[in-house]
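Each chain, letter by letter, is given below.
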Amino acid sequence: MERFAKYGFNNISLKWHRYYNGAASYPHIDFIPEHLFYGYIEPALNRVPLHPAWEDKASMEKFVDPNLTPNTMLKNCNGFYYINDEMVSLDEALEYCSELSQFVIKHSMGTWGGNGVRKIVLDNSNDKKKFLKALFDEYKKDFVVQEILKQSAELSKFNPTSINTIRVMSYLRPSGVVILSKLLRTGKEGSFTDNTSSGGVAFGVDLEGKLTDFGIDQFGVKTKSLGDDDRFNGFVFPENEKIVATIEKVHKQMPYFRLVSWDVMVNDKSEIKIIEFNTFGQGINLHQITNGPLFGEYFDEIMEIAKNYDKLSDIMNNLG
């Protein structure tokens, strides 16, 4: 395909284009194939070896304003426990958490699709510490205990049991940060997480915060229409402008990663909370099916960066 060949990517299969065109119901040549994105574009834009430390949820407040992140009550970092950044013993960690009525526990590193994210509600039994000890043993190391966020009433309409978030993909340029694509992700009924891999649905979100009129599952199949529910007619994502401004500001503080996917929620006080961010292995299918080609007007600019990426040299330089 000539569109990609001009940047040195020859013999690009049209299979991904057929998939996106069919799922999105409109043809376009600028769709980005998965293998090209993960193999060349993402590592050309991002310093991949740095991502494990930067994405560690136990360290997120070092890179993101703590006022924008969930309150983390307990951290386990490489097997060591911390409360308010002070190292504590296992017994102290158990004692502290036994006083909590409910919390979220999640792995702090190496997760995807909401895997291992659990809402814990402690009862009034005398075995709280025993239960917590078993829970911590299950997670082993590298996990966090965080507050349970309460979402806005508008977002709760989609599914009250899950924290329904907006996934924002932003691109850092010398002139500033631009938003490439946004998704609203809602969980299935009864689920605590919003991930499509757990049965959730994703809707595209345009620049003004208006949703696409259909939702899709993890396989790109249209599963829900906003037009079928009067609650969502004319729905505009709450605090859309505030979300964009927040991401534009925060991304400028992360120069090693020019392409970032942010999971953002709006709480019951209309405050923006960044739950996590992703710099490696960022999903692109849901974005392209609902919102069209991923890079839009920045296609040529980004492809030029990918063209100049020396994959072999990058690998050798990162060996130490």
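Residues numbered from 1 in each chain as written. Predicted model: local features only at pLDDT ≥ 70, side-chain atom pairs only at ≥ 80, totals over all residues. Heavy atoms only, no water.

### Re the packing of aromatic side chains
Now for step 1: Counted by the stated rule, this structure contains 19 aromatic pairs.
Now for step 2: Three or more aromatic residues link up through ring pairs in this structure, and these residues are Trp16, Tyr19, Tyr20 and Phe31.
Now for step 3: We note Lys222 situated over the ring of Phe214; from NZ or CZ to the ring centre the distance is 4.4 Å. (Phe/Tyr/Trp six-rings, centres within 6.5 Å; stacked < 30°, edge-to-face > 60°. Lys NZ or Arg CZ within 6 Å of the ring centre and 35° of its normal.)

### Details of the pattern of salt bridges
Now for step 1: Evaluated as defined, the whole model comprises 12 salt bridges.
Now for step 2: Residues Glu138 and Arg118 are paired through a salt bridge, measuring 3.0 Å at the closest nitrogen-oxygen approach. On the criterion of sequence distance, the pair formed by Glu138 in helix 6 (residues 128-139) and Arg118 in strand 5 (residues 118-121) is long-range, its members being 20 residues apart.
Now for step 3: One connected set of salt bridges, linked through shared partners, spans Arg3, Asp30 and Asp300. (Salt bridge = Lys/Arg side-chain N within 4 Å of Asp/Glu carboxyl O. Helix = DSSP H or I, 4+ residues; strand = E, 2+ residues; numbered from the N terminus.)

### Some points on the side chain of Asn164
Now for step 1: Within the fold, Asn164 resides in the loop between helix 7 (153-156) and strand 7 (165-173).
Now for step 2: One polar contact links Asn164 to Ser162, side chain to side chain, over a distance of 2.7 Å. (Polar contact = N/O pair within 3.5 Å; in protein donor to acceptor, adjacent residues only side chain to side chain.)

### So, the environment of Val177
Now for step 1: One can find Val177 in strand 8 (residues 176-186).
Now for step 2: Spatially, the C-alpha atoms of Val177 and Arg258 are 8.9 Å apart, while their sequence positions differ by 81 residues.
Now for step 3: Residues within four places of Val177 in sequence aside, it is in contact with Ser170, Tyr171, Leu172, Ile247, Glu248, His251 and Lys252. (Contact = heavy atoms within 4.5 Å.)

### Points about the packing of helix 5 (residues 90-98) against helix 6
How two helices pack is summed up by the angle between their axes together with the distance between the axes.
Now for step 1: Relative to each other, helix 5 and helix 6 sit at 120°, their axes nearing to 9 Å. The two elements helix 5 and helix 6 meet at a crossing, and its hand is right-handed. Mapping the contact onto sequence places Leu90, Ala93, Leu94, Glu95, Cys97 and Ser98 in helix 5 and Lys128, Lys129, Leu132, Lys133 and Phe136 in helix 6.
Now for step 2: Of the residues belonging to the contact of helix 5 with helix 6, the class tally is 6 nonpolar, 1 polar and 4 charged. (Axes fitted to C-alpha atoms, helices over the stretch in contact; angles between N-to-C directions. Left-handed = near helix turned anticlockwise from the far one by under 90°. Nonpolar A, V, L, I, M, F, W, Y, C, P; charged D, E, K, R; others polar.)

### Some thoughts on the pairing of strand 13 (residues 272-278)
Now for step 1: Across the 7 residues of strand 13, 7 count as buried, placing the element largely inside the fold.
Now for step 2: Sheet topology places strand 12 (residues 259-266) next to strand 13; 6 bridges connect them, and they run antiparallel. Following the sheet pairing, Ser261 is matched in strand 13 by Asn278.
Now for step 3: The turn joining strand 12 and strand 13, which pair antiparallel and follow one another in sequence, is formed by 5 residues; a positive phi near 65° is taken by Ser270. (Buried < 20%, exposed > 50% of the residue type's maximum accessible area, 1.4 Å probe, protein only. Pairing = 2+ DSSP bridges.)

### Topic: the nonpolar core
Now for step 1: In terms of nonpolar packing, the biggest core is built from 31 residues, with Ile41 and Phe295 touching the most fellow members.
Now for step 2: Every element with two or more residues in this core is listed here: helix 2 (15-24), helix 3 (34-45), strand 7, strand 8, strand 10 (211-216), helix 9 (285-291) and helix 10 (299-307).
Now for step 3: Excluding residues that lie within four positions of it along the chain, Ile41 makes contacts with Ile32, Leu36, Phe295, Ile302, Met303 and Ala306.
Now for step 4: One finds Ile166, Phe203, Phe235 and Ile274 within the second-largest nonpolar core, a separate group that totals 29 residues. (Core = buried A, V, L, I, M, F, W, Y, C linked by side-chain atoms within 4.5 Å.)

### Let's talk about unusual backbone geometry
Now for step 1: You will see that Lys140, though not glycine, has its phi angle at about 65°, which is positive.
Now for step 2: Inspection of the secondary structure puts Lys140 in the loop between helix 6 and strand 6 (143-146).
Now for step 3: Phi at Ser270 takes a positive value of approximately 65°, unusual for a residue other than glycine.
Now for step 4: For Ser270, the position within the fold is in the loop between strand 12 and strand 13.
Now for step 5: On the basis of relative accessibility, which here comes to 29%, the residue Ser270 falls in the partly exposed class.

These values are about where atoms sit, not about what they do.
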